[in-house]
Amino acid sequence: MANKKHSRRRERFRWWFSRKKKKADPFDSEDDAVEEDAGFCGWSMEMDPRISTHELRVFVGTWNVAGRSPVGSLAADLDEWLNLKDIDHTADVYVLGFQEIVPLNPQSIIAGENATEATNWNMLIGKTLNDKYGCPWLTPMLNPINSDDYYYSGIPETGRRYISRSQITTQLRSQTRSQTGQSYRYSRYKLIASRKMVGVFISVWIRRELLKAYSISDVRVCSVACGIMGYLGNKGSVSVSMSIGGTSFCFIAAHLASGEKKGDEGKRNYQVSEIFRRTSFPRLPRDGNLMPPTILGHDRVFLFGDLNYRLYLEDNLARELIRKQDWKALQGFDQLQKELEDGGVFQGWKEGSLEFPPTYKYSSTNSNRYSGGLPSRAREKQRTPAWCDRVLWYGKGVKQISYFRSESKFSDHRPVSALFSTQIEADKRANCRLVVPALVPSGTPCSIGKQANGEATTTLTSLIKTDADACPTNR
């Protein structure tokens, strides 16, 4: 046994040294490449000829909707936000984070979770993503699971998923089994994970072809409440961890403390540190300790949301720079940029250049005017405009393609989005599959496909078959 292992190791070294000069990775800096070569020891998956790398495009968006419910006329705004008109910029994965999908009043914060608003947003997202490509779409089961009475609901020729007996909705009853199967078969994007905590909400969609090509596994969710008294859910985060091929991803949608007084940025920094410290994804029995339990242990990490960082600048001076559209000068006064430069809680994090107007606070819905300023208006809040809504990333192998805001007037925030290109590893020997983790008992804020602490959770709406029809490598 030892001789065979030694022989295989020699073969790997021989193959590695006989390769032609490796082509530079367009996603890593020259320093990173030098560091990798200098740290070479033994062998890695990158050197294994059975491992191939592929480009993956990830769309990350954030939108504070000011407690408003989605309406049908919002579809056009959503289409613009997701940038679906530009075929060259469509993504393989869409990760959308929302804040204030319910009003942040005492009843919403203290009372038990209600999944109605999350369901409505997911319905609109799914319809927008799939109708764009002429694909019929079936509204998924998105109500929170309140009982332990689970069974597999068969979806003809498409796979299975966990649901509760109490979750059979009127809409699904009205559809025939053949219609159900056709909708699932031809939807281009599938809902993989969804999580709501009071007003913070995350929704993750993956292109159907990707589910066939790679192993999508270990989908886990976790929420951290750090609002009132440090433990209520009016502020905090909801996170999704997953593995695509051989690469681990973590997506964190957050809503941090508001306020533009001196020292308020310290509250936000503390909440970020709490989110990093308290987010812990559950281990799966079959993990083999491969999937990281913490945020920064993942290969690719994205933090986005209403982070609420403001400007170190007087209101009239900020408005003057906005009038001149001098974004570079304005960015020099941005609190989050300073935190990124100083390190601290954001050590190692990156953000693209802010080349768009501040996203907050607009006077009212259906308005292009910032709130406050002179002359002041009755009952209008005085707020210095700021880039409150942001998208950051952490880890090597990530390249930002675009970073922009949309012009929807639905709320007092403008939605922001970023498109990324990253590389994932795929084991040529692996079967193409979507692995469903086991359901875990309720009672923890971090779980796998089950309601926890009253929080509405939806994960893995369907399975993809592993037969010859579903796996191109078997054709």
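Calculation notes
- Along each chain, residue indices are assigned from 1 in the same order as the chain's sequence is written.
- Local features in a predicted model are, by the rule used here, given only for residues with pLDDT of at least 70; side-chain atom pairs are given and counted only at 80 or more, and totals for whole chains, interfaces and linings are based on all residues.
- Side-chain numbers here rest on the full set of heavy atoms in the structure, without hydrogens or water.
- Note on conventions: DSSP H or I runs of at least 4 residues are helices, E runs of at least 2 residues are strands, and numbering of each starts at the N terminus.
- When checking whether two residues touch, look at their non-hydrogen atoms; a contact exists if any pair is within 4.5 Å.
- Accessible areas in this description were obtained via Shrake-Rupley with a 1.4 Å probe; residue shielding takes into account the shown protein chains only.
- Relative accessibility under 20% of the residue-type maximum defines a buried residue, over 50% an exposed one, and the middle range a partly exposed one, all with a 1.4 Å probe and only protein chains included.
- Note on pairing: two strands pair once DSSP finds at least 2 bridges between them.
- Between the first and last residue of a helix there are one fewer steps than residues, each counted as 1.5 Å, and that sum is the expected span.
- Any pair of nitrogen or oxygen atoms within 3.5 Å is treated as a polar contact; in protein, a donor-acceptor pairing is required on top of that, and neighbouring residues in sequence qualify only through side-chain atoms on both sides.
- To define a nonpolar core, start from buried Ala, Val, Leu, Ile, Met, Phe, Trp, Tyr and Cys residues and group those joined through side-chain atoms within 4.5 Å.
- Salt bridges are defined by distance alone: a side-chain nitrogen of Lys or Arg within 4 Å of a carboxyl oxygen of Asp or Glu.
- The pairing test for Phe, Tyr and Trp rings, Trp by its six-membered ring, is centres within 6.5 Å, and the orientation test on the planes gives stacked under 30 degrees, edge-to-face over 60, and tilted for anything in between.
- Think of it as a cone above the ring: NZ of Lys or CZ of Arg counts as a charge over the ring if it is within 6 Å of the ring centre and within 35 degrees of the ring normal.
- The predictor attaches a confidence to each residue, and that confidence, scored 0 to 100, is pLDDT.

**Remarks on the overall build of the protein**
The secondary structure content of the protein amounts to 12 helices and 16 strands. Put simply, 72% of the contacts in the protein that link residues at least 6 apart link residues at least 24 apart. Just so you have it, the protein exposes about 22,000 Å², and 51% of that area is on carbon and sulfur atoms.

**Examining the pairing of strand β12 (residues 389-394)**
Put simply, side chains in a regular strand alternate between the two faces of the sheet. With 5 of 6 residues buried, β12 lies mostly within the body of the structure. As paired strands, strand β10 (residues 300-306) and β12 are joined by 6 bridges and run antiparallel to one another. Bridging from a neighbouring strand, phenylalanine 304 pairs with valine 391 of β12.

**Examining helix α5 (residues 116-131)**
A rise of 1.5 Å per residue sets the reference length of α5, with its 16 residues, at 22 Å; its end C-alpha atoms lie 22 Å apart and thus fit the reference within 8%. Along α5, the residues that are buried comprise Glu117, Ala118, Thr119, Trp121, Asn122, Leu124, Ile125, Gly126, Thr128, Leu129 and Asn130. Buried residues in α5 make contact with α3 (75-81), β2 (93-99), β5 (189-197) and β6 (200-207).

**Re the environment of threonine 279**
As for its placement among the helices and strands, threonine 279 is situated in the loop between α9 (264-278) and β10. For threonine 279, a relative accessible area of 0% puts it in the buried group. Not counting residues up to four positions away in its chain, the partners in contact with threonine 279 are Cys222, Val224, Ser237, Ser239, Glu274, Pro293, Thr294 and Ile295. Within the structure, the side chain of threonine 279 is placed 2.6 Å from the backbone oxygen of isoleucine 275, a separation counted as a polar contact.

**Considerations on unusual backbone geometry**
Cis rather than trans, the peptide bond between tyrosine 360 and lysine 361 has omega equal to 0 degrees. Tracing the backbone shows lysine 361 in the loop between β11 (349-350) and β12. At alanine 66, a position not held by glycine, the phi torsion is positive, near 60 degrees. Topologically, alanine 66 is positioned in the loop between β1 (51-64) and α3. Unlike most non-glycine residues, glutamine 325 shows phi in positive territory, near 55 degrees. If you trace the backbone, glutamine 325 turns up in the loop between α10 (315-324) and α11 (327-331). Judged by relative accessible area, glutamine 325 falls into the exposed class, the value being 56%.

**A word on the nonpolar core**
One finds Phe98, Met242 and Ile244 to be the most contacted residues of the largest nonpolar core, which totals 79 residues. In contact with phenylalanine 98, other than residues within four places in its own chain, are Trp63, Val65, Trp81, Trp121, Ile125, Gly199, Val200 and Phe201. Core analysis: the next-biggest nonpolar cluster, separate from the first, contains 22 residues, Cys222, Val224, Ile295 and Cys446 among them.

**A short note on the side chain of serine 239**
Position of serine 239 relative to the elements: it lies in strand β8 (residues 236-244). Those residues within four positions of serine 239 in sequence are excluded, and the remaining contacts are Arg220, Val221, Cys222, Phe251, Ile252, Thr279 and Phe281.

**Describing the environment of valine 204**
Tracing the chain through its elements places valine 204 in strand β6. Under the relative-accessibility criterion, valine 204 is labelled buried at 0%. Put simply, valine 204 and asparagine 122 are 82 residues apart on the chain and 9.6 Å apart in space, counted from C-alpha to C-alpha.

**Structural notes on the pattern of salt bridges**
Oppositely charged side chains are able to pair whenever their charged atoms sit close together. If you walk through the whole model with that rule in mind, you get 18 salt bridges. The partner of arginine 390 in a salt bridge is glutamate 351, with the nearest N and O atoms 2.7 Å apart. Of this pair, arginine 390 sits in strand β12 while glutamate 351 sits in the loop between β11 and β12, and the two are 39 residues apart along the sequence. Connected through shared salt-bridge partners, Asp92, Arg207 and Glu209 make up one network.

**Focus: the packing of aromatic side chains**
According to the stated counting rule, one finds 18 aromatic pairs in the structure shown. An angle of 40 degrees between the planes, with centres 5.3 Å apart, marks the rings of tryptophan 349 and tyrosine 394 as tilted. Separated by 45 residues along the polypeptide, tryptophan 349 in strand β11 and tyrosine 394 in strand β12 bring together distant segments of the chain. With a relative accessible area of 5%, tryptophan 349 lands in the buried category. Judged by its relative accessible area of 23%, tyrosine 394 is partly exposed. Cluster of aromatic residues (ring-pair linked, three or more members): Trp63, Trp81, Phe98, Trp121, Phe201 and Phe410. The ring of phenylalanine 410 carries the charged tip of arginine 68 above its face, separated from the ring centre by 4.2 Å. Directly above the aromatic system of tyrosine 362 lies the positively charged group of arginine 414, at a separation of 3.8 Å from the ring centroid.

**Examining helix α12 (residues 335-342)**
Those residues of α12 not exposed but buried are Gln335, Leu336, Gln337, Glu339 and Leu340. The elements touched by buried residues of α12 are α9, α11, β11 and β12. In this structure aspartate 334 caps α12, since a side-chain oxygen of it lies 3.2 Å from the backbone nitrogen of leucine 336.

**Things to note about the confidence of the model for the protein**
The pLDDT averaged across the protein works out to 75; a share of 66% of its residues lies at or above 70. In the predicted structure, residues 139-181 sits below a pLDDT of 50 and forms 87 contacts with residues beyond four places in sequence or in another chain. The low-confidence segment residues 436-443, where pLDDT is below 50, has 23 contacts with residues more than four positions distant or belonging to other chains.

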